[in-house]
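# Analysis of the macromolecular model
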Amino acid sequence: MNRVEAIRSVLNNTLEPEQLEIIDDSHKHAGHASAGGAGHFTVRVVSPVFAGKSLIERHRLVYAALDDLMHSEIHALSIKAETPEESKNQ
């Protein structure tokens, strides 16, 4: 399973998102020595799980879900976490 599929699987199982977009930005950081072979990703997650939670709490949920991958497959992660209502209003 590639990294994007692994991220998708974990987030689908833990946050049950209505929408999930994952962009692999690793190519923009080629040769970035401190990455140690791990990738750079941007995720947009729209989930009812985020309702009533602050931005920090939402990010913590995403990081907690991806914890195992953060130690091996993900070097950098940009997160946009929205409720379905917030997503509809944009």
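All of the points below concern the structure found in this document.

Thresholds applied
- Residues numbered from 1 in each chain as written.
- Predicted model: local features only at pLDDT ≥ 70, side-chain atom pairs only at ≥ 80, totals over all residues.
- Heavy atoms only, no water.
- Pairing = 2+ DSSP bridges.
- Helix = DSSP H or I, 4+ residues; strand = E, 2+ residues; numbered from the N terminus.
- Axes fitted to C-alpha atoms, helices over the stretch in contact; angles between N-to-C directions.
- Contact = heavy atoms within 4.5 Å.
- Core = buried A, V, L, I, M, F, W, Y, C linked by side-chain atoms within 4.5 Å.
- Buried < 20%, exposed > 50% of the residue type's maximum accessible area, 1.4 Å probe, protein only.
- Expected span 1.5 Å × (residues − 1).
- Arc of directions from axis to C-beta.
- Polar contact = N/O pair within 3.5 Å; in protein donor to acceptor, adjacent residues only side chain to side chain.
- Parallel < 35°, antiparallel > 145°, perpendicular 65-115°, else oblique.
- Left-handed = near helix turned anticlockwise from the far one by under 90°.
- Nonpolar A, V, L, I, M, F, W, Y, C, P; charged D, E, K, R; others polar.

Reading across the sheet, the three strands line up as β1-β2-β3 and stay open at both edges, with mixed pairing between neighbours. Of all strands in the sheet, those bounded by a partner on one side alone are β1 (19–24) and β3 (74–82). Neighbouring strand axes in the sheet, compared pairwise and without regard to direction, differ in orientation by 15° on average. Here strand β2 (residues 39–46) runs beside β3; their pairing, made up of eight bridges, is parallel. Residue pairing for β3: His40 is matched across the bridge by Ala76. The sheet strands contacting helix α1 (residues 3–15) are β1, β2 and β3, and the helix crosses β2 at an angle near 30°.

So, about the nonpolar core. Counting 18 residues, the largest nonpolar core has Ile7, Leu11, Val43, Val62, Leu66 and Leu77 as its most contacted members. Looking at this core, the elements that each hand over two or more residues are α1, β1, β2 and β3. Of the residues forming this core, the biggest block, five residues, is contributed by α1. If sequence neighbours within four positions are ignored, Ile7 has contacts with Ile22, Phe41, Val43, Leu66, Leu69 and Ile74.

Turning to α1, a few remarks are in order. Between its terminal C-alpha atoms α1 stretches 18 Å, which fits the 18 Å expected from 13 residues at 1.5 Å a residue. Within the span of α1, buried status applies to Val4, Ala6, Ile7, Leu11 and Leu15. Burial along α1 is one-sided: seen end-on, the buried residues are contained in an arc of 160°. On its buried face, α1 sits against β1, β2, α2 (55–65), α3 (67–70) and β3. The distance from a side-chain oxygen at the start of α1 to the backbone nitrogen of Val4 is 3.0 Å, and the residue carrying that oxygen is Asn2. Immediately beyond the C-terminal end of α1, within one or two residues, lies Glu16, with a positive phi of roughly 45°.

Turning our eyes to something else, we now look at the packing of α1 against α2. For the pair α1 and α2, interaxial distance at closest approach is 9 Å and the crossing angle is 125°. When the axis of α1 is compared with that of α2, the two are oblique. Handedness of the crossing formed by α1 with α2: right-handed. Facing Val10, Leu11, Thr14 and Leu15 of α1, the residues of α2 in contact are Leu61, Val62 and Ala65. Its residues assigned to classes, the contact of α1 with α2 comprises six nonpolar, one polar and no charged.

Any functional reading would require information that these geometric values do not contain.
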